[in-house]
Amino acid sequence: MRKKYLLAFLYAGCLMFTGCSMDKVDSAKQTVEEVAHDVKESVEEYKLHKDVDVHTEEEMRAFALECLEQKYGKPFLIDETYCEYEHFNGHEDKPMVLYARAYPEGDEKDICGLYVEEPNIFKDNYSVNYYLPEIEEKIFPEMEQYGVEGKIEIDYPLMTGTIADNLSAEDVIYDGSTRLFFYQEVAEESDISAYIPLIRKWMDFLYTCDYDWYFALTAEGDLNYQFFGISKGDYGYTSSDEWSDERIIDDIEFCMGMND
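The rules behind the values
- Residues numbered from 1 in each chain as written.
- Predicted model: local features only at pLDDT ≥ 70, side-chain atom pairs only at ≥ 80, totals over all residues.
- Heavy atoms only, no water.
- Pairing = 2+ DSSP bridges.
- Helix = DSSP H or I, 4+ residues; strand = E, 2+ residues; numbered from the N terminus.
- Axes fitted to C-alpha atoms, helices over the stretch in contact; angles between N-to-C directions.
- Contact = heavy atoms within 4.5 Å.
- Salt bridge = Lys/Arg side-chain N within 4 Å of Asp/Glu carboxyl O.
- Buried < 20%, exposed > 50% of the residue type's maximum accessible area, 1.4 Å probe, protein only.

(A) Quick look at the sheet that holds strand β4 (residues 121-124). What the 4 strands build is an open sheet, ordered β1-β2-β3-β4; its pairing is antiparallel. Every other strand in the sheet has two partners, leaving β1 (76-87) and β4 as the edge strands with one partner each. Neighbouring strand axes in the sheet, compared pairwise and without regard to direction, differ in orientation by 15° on average. Relative to strand β3 (residues 112-117), strand β2 (residues 96-104) runs antiparallel, the two being bridged by 6 bridges. Paired with A100 across the bridge in β3 is L114. In the packing of helix α3 (residues 57-72) onto the sheet, the strands contacted are β1, β2, β3 and β4, and the crossing angle to β1 comes to about 135°.

Written out as structure tokens, the structure is:
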């Protein structure tokens, strides 16, 4: 069986909770009033959960689902393909934490990341998904001009509160906290060089994007099985022309090796 590695949404969302990523990234767009609102939300969240005392995995899972339903007014389920209960950063002297994904009942594609820390800290990033249709409406035509099509996901830091509901697609895309993930599913090829023309098409599009992004060429029906992945700024390159075929093949071989 192929071993999967999660470079997808959760890797950048939940697993980023190490070191300084525990803090909410400052946005260049935030006004003093917006910052004050964030602080107020955090205080209200603390008051809401101050009497909660969870420690076991079962308690944390139940707490997370209760928090999601309270915040968004609908029941959620834990995505059983990823749910990790462990000491923070793997150190036994640190609190127990739960890293997981969840989705509303009946809609497994509407995934969000969540984080629970004993005894009563809860964070998620579900509210940013509200903007995905508007972002797709803006970006899909741009992708079409370069002859590529695929799936977009929004990576955004986990929060105690919710993202504002009166933003534009540009507000979200260019918020200093946001990264867009692009995926294209393809059939597995016996000759990996067959992926190169499509990868170069994606590069031609991606290097025109002035926001943070990640792209993966993945197996059909499995976004976690990646044939190739690239982030903005990799190798310092700024155009497809800087990528030799040999470099692309090396990266494909590396990615596919990680799947074994």
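(B) Fine view of the pattern of salt bridges. Taken as a whole and assessed by the stated rule, the structure comprises 9 salt bridges. The salt bridge involving D124 is made with K71; its shortest N-O contact spans 2.5 Å. You can see D124 sitting in strand β4 and its partner K71 sitting in helix α3, a full 53 residues away along the chain. Residue D124 is classed as buried on the basis of its relative accessible area, which comes to 0%.

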